[in-house]
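For reference, the chains in residue letters:
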Amino acid sequence: MAGLRYAAAQSASMPLDIAANVVRHLAFIDAAGEAGVQLLVFPELSLCGYELAGMAACALKADDDRLAPLRGRALKARMTVVVGAPLANAGALPGIGAITFHADGRTSVYRKHFLHAGEERHVTAGSAISQLHDVRGVKVALAICADTGQQQHAHAAAVAGAGLYAAGSLISAGGYDKDSGQLAGYAKLFGMGVLMANHAHASGGYESAGRSAIWASGGALIIAAPGPGEMLVIADDDGGNVIDMA
């Protein structure tokens, strides 16, 4: 991946507790920085947990003061950090989002485009099907969980020139084989690397499988977490490794 060192943060989320989750995110960023990571991706709704019924009460804007420590830590570490967040949406239901804190201090937002059945009762889908960021010369496309279930989403990323397709997810043990197989298939079909960051433990009533994973362009698995639990799953041109964050 052109010298890029990148990682999935398999983190646990406290339900609807932005402050506590920011603190935990900072610990992951610090550990990733010590490991030389340049791109770090957290699971879907990592800042509040997959708490659809309550997320409107803690919906955020990208410039929310509560997120300032994340922005500052990403800048200090010269790291691009993608967190899962409930996004405020004036006059409408909130969005399931990914907030990116760039290594140069900029902030950008992506909203989940394809929703799981039932999510539409609580959230509004994003209008853009793809968003790319340049991270150390690698084009990184963002996805959030159900986005990855639609091949057209990954295809749009590939057409836009993505070298890495990075998804924050919540995948259960029952759905893991299907979803991970689909992600490996995208890596092979579209010739791009794929990263999936899953929750460490249960969230919103769903028992996470953990097993965050990274696939090389071509579909070969580089590295995966062995199961649930808080871990950093890291990959670079030389292979991958897992750091226990318990």
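See above for the structure.
If you're wondering where the values come from, they're calculated on a predicted model, not measured in any experiment.

(A) Spatial organisation of the overall build of the chain. Within the chain, the regular secondary structure consists of four helices and 13 strands. For 246 residues, the compact-globule estimate of 2.2 N^0.38 gives 18 Å, and the chain sits close to it at 16 Å. Projected onto its principal axes, the C-alpha positions of the chain cover 45 × 35 × 30 Å. Summarising the internal contacts of the chain: among those between residues at least 6 apart in sequence, 65% fall at separations of at least 24. Where the 17 positive side-chain charges of the chain centre and where its 21 negative ones centre are 5 Å apart.

(B) How the structure looks around the sheet that holds strand S5 (residues 107–111). One open sheet holds the seven strands; their spatial order is S5-S4-S3-S2-S1-S12-S13, and the pairing between them is mixed. On the outer flanks of this sheet lie S5 and strand S13 (239–244), each paired with one strand and no other. Sheet twist, expressed as the average angle between the axes of neighbouring strands with direction ignored, equals 25 degrees. As judged from the five bridges shared by strand S1 (residues 6–10) and strand S12 (residues 231–236), these two strands associate in the antiparallel manner. Residue pairing across strands places tyrosine 6 opposite alanine 235, the latter belonging to S12. Running over the sheet, helix H2 (residues 68–77) touches strand S3 (80–87), strand S4 (95–101) and S5 and is turned about 35 degrees from S4.

(C) Focus on the environment of asparagine 21. Structurally, asparagine 21 can be placed in helix H1 (residues 18–34). Judged by relative accessible area, which is 2%, asparagine 21 ranks as buried. In this structure, the C-alpha to C-alpha distance between asparagine 21 and serine 11, residues ten residues apart in sequence, is 9.3 Å. If near-sequence neighbours (up to four positions away) are discounted, asparagine 21 is found in contact with Ala12, Ser13, Met14, Ser46, Leu47 and Cys48.

(D) Region of interest: the packing of aromatic side chains. For the structure on display, the rule yields four aromatic pairs. Here tyrosine 186 and phenylalanine 190 contribute two aromatic rings whose centre-to-centre distance is 6.1 Å and whose plane-to-plane angle is 35 degrees, an arrangement assigned as tilted. Linking tyrosine 186 with phenylalanine 190, this pair stays in helix H4 (residues 173–190), spanning four residues, or about one helical turn. With a relative accessible area of 2%, tyrosine 186 lands in the buried category. Aromatic rings pair up to connect Tyr165, Tyr186 and Phe190 into one cluster.

(E) View of the layout of surface pockets. Approximately 480 Å³ is the volume found for the largest pocket. Contributing to the lining of the largest pocket are 27 residues, with His116, Cys145, Ala146, Leu170 and Asp179 lying nearest its centre. Its residues placed into classes, the lining of the largest pocket shows eleven nonpolar, eleven polar and five charged.

(F) Empty space enclosed by the protein, seen in detail. In the structure shown here, the tally under the stated rule is one cavity of 30 Å³ or more. The volume enclosed by the largest cavity comes to roughly 70 Å³. Lining the largest cavity we find 16 residues, and of these Phe42, Ala98, Ala143, Ile144 and Gly168 sit closest to its centre. When contributions to the lining of the largest cavity are tallied by element, the ones reaching two or more residues are S3, S4, strand S7 (138–144) and strand S8 (164–168). The residue inventory of the lining of the largest cavity, partitioned by class, reads twelve nonpolar, three polar and one charged.

How each quantity is defined
Residues numbered from 1 in each chain as written. Predicted model: local features only at pLDDT ≥ 70, side-chain atom pairs only at ≥ 80, totals over all residues. Heavy atoms only, no water. Helix = DSSP H or I, 4+ residues; strand = E, 2+ residues; numbered from the N terminus. Rg over C-alpha atoms; globule rule 2.2 N^0.38 Å. Contact = heavy atoms within 4.5 Å. Lys, Arg positive; Asp, Glu negative; His and termini not counted. Charge placed at Lys NZ, Arg CZ, Asp CG, Glu CD. Pairing = 2+ DSSP bridges. Axes fitted to C-alpha atoms, helices over the stretch in contact; angles between N-to-C directions. Buried < 20%, exposed > 50% of the residue type's maximum accessible area, 1.4 Å probe, protein only. Phe/Tyr/Trp six-rings, centres within 6.5 Å; stacked < 30°, edge-to-face > 60°. 1 Å grid on protein atoms, 1.4 Å probe; cavity = no way out; pocket = protein on both sides within 12 Å on 5 of 7 lines; lining within 4 Å. Points joined across faces, edges and corners; volume = space filled by probe spheres on them. Nonpolar A, V, L, I, M, F, W, Y, C, P; charged D, E, K, R; others polar.

Such coordinate-based values are descriptive only and should not be taken to indicate function.
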